[in-house]
Amino acid sequence: MTKEIIFTAAAPKPVGPYSQAVKAGNLLFISGQIPIVPETGVPVQGTFADQCRQVLENLKAILIAGGSSLDQVVKVNIYLKDLNHFKELNRIYEQYFGTSKPARACVEVSRLPLESAIEIEAVAI
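Fair warning: this is a prediction, and the values are worked out from it, not measured in the lab.

Asks: I'd like to hear about the overall build of the chain, residue by residue, with values.
Replies: The number of helices and strands found in the chain is two helices and eight strands. Counting helices and strands in the order they occur from the N terminus, the chain gives β-β-β-β-β-α-β-α-β-β. Here the chain holds 125 residues, and the buried ones make up 41% of them. Residue pairs in contact within the chain that sit at least 24 positions apart in sequence constitute 67% of those at least 6 positions apart. In the form shown here, the chain has an accessible surface area of approximately 6700 Å², with 54% of it arising from carbon and sulfur atoms. Across the chain, 12 positive and 12 negative side-chain charges occur, with their mean positions spaced 3 Å apart.

What follows is the structure in structure tokens.
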């Protein structure tokens, strides 16, 4: 089995020593995405909803670069700085995933990179 590193300028450059995604066989493993605007490299300073949408747009761009799509996501892990945003997350998340509904975990964490409110990682086929 071969391993392929995935990179796209349509998503933020990694903020550490890792890849945006790695393709192994027919699986695409996407690193945790935070709300960084790819064109500027600066985190979104807006509302939780603004940050959530940016994270999902970053995720979508990497999926496309890896030859996949939101419909092909099989597992998502979501990290929230404040679990009180859970309902708002679900409302926005559903706009992106629709009826696809991958398996998912969502947990509250004490801190995320660059003081982000949300981080999402995924596995897709």
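Asks: So what's going on with helix α1 (residues 48-65)? Which residues, and what values?
Replies: Here α1 contains 18 residues, and its C-alpha end-to-end distance of 26 Å stays within 8% of the 26 Å for a straight helix at 1.5 Å per residue. Taken together, the buried positions of α1 are F48, A49, Q51, C52, Q54, V55, L56, N58, L59, A61, I62 and L63.

Asks: Explain the pattern of salt bridges to me, and be specific about the residues and the numbers.
Replies: Applying the stated criterion to the full structure yields four salt bridges. One salt bridge connects K81 with E115, and the closest N-O pair in it is separated by 3.4 Å. With a gap of 34 residues between them, K81 in the loop between β6 (73-80) and α2 (86-97) and E115 in the loop between β7 (103-108) and β8 (118-124) connect regions that are remote in the sequence. For E115, a relative accessible area of 43% gives the class partly exposed. In this structure, R111 engages E115 in a salt bridge whose closest nitrogen and oxygen atoms are separated by 2.6 Å. Judged by relative accessible area, which is 59%, R111 ranks as exposed. What you see here is one network of salt bridges that share partners, running through K81, R111 and E115.

Definitions and limits used
Residues numbered from 1 in each chain as written. Predicted model: local features only at pLDDT ≥ 70, side-chain atom pairs only at ≥ 80, totals over all residues. Heavy atoms only, no water. Helix = DSSP H or I, 4+ residues; strand = E, 2+ residues; numbered from the N terminus. Buried < 20%, exposed > 50% of the residue type's maximum accessible area, 1.4 Å probe, protein only. Contact = heavy atoms within 4.5 Å. Areas by Shrake-Rupley, 256 points an atom, 1.4 Å probe, with all protein chains shown as cover. Lys, Arg positive; Asp, Glu negative; His and termini not counted. Charge placed at Lys NZ, Arg CZ, Asp CG, Glu CD. Expected span 1.5 Å × (residues − 1). Salt bridge = Lys/Arg side-chain N within 4 Å of Asp/Glu carboxyl O.

This is a description of form; function is not addressed.
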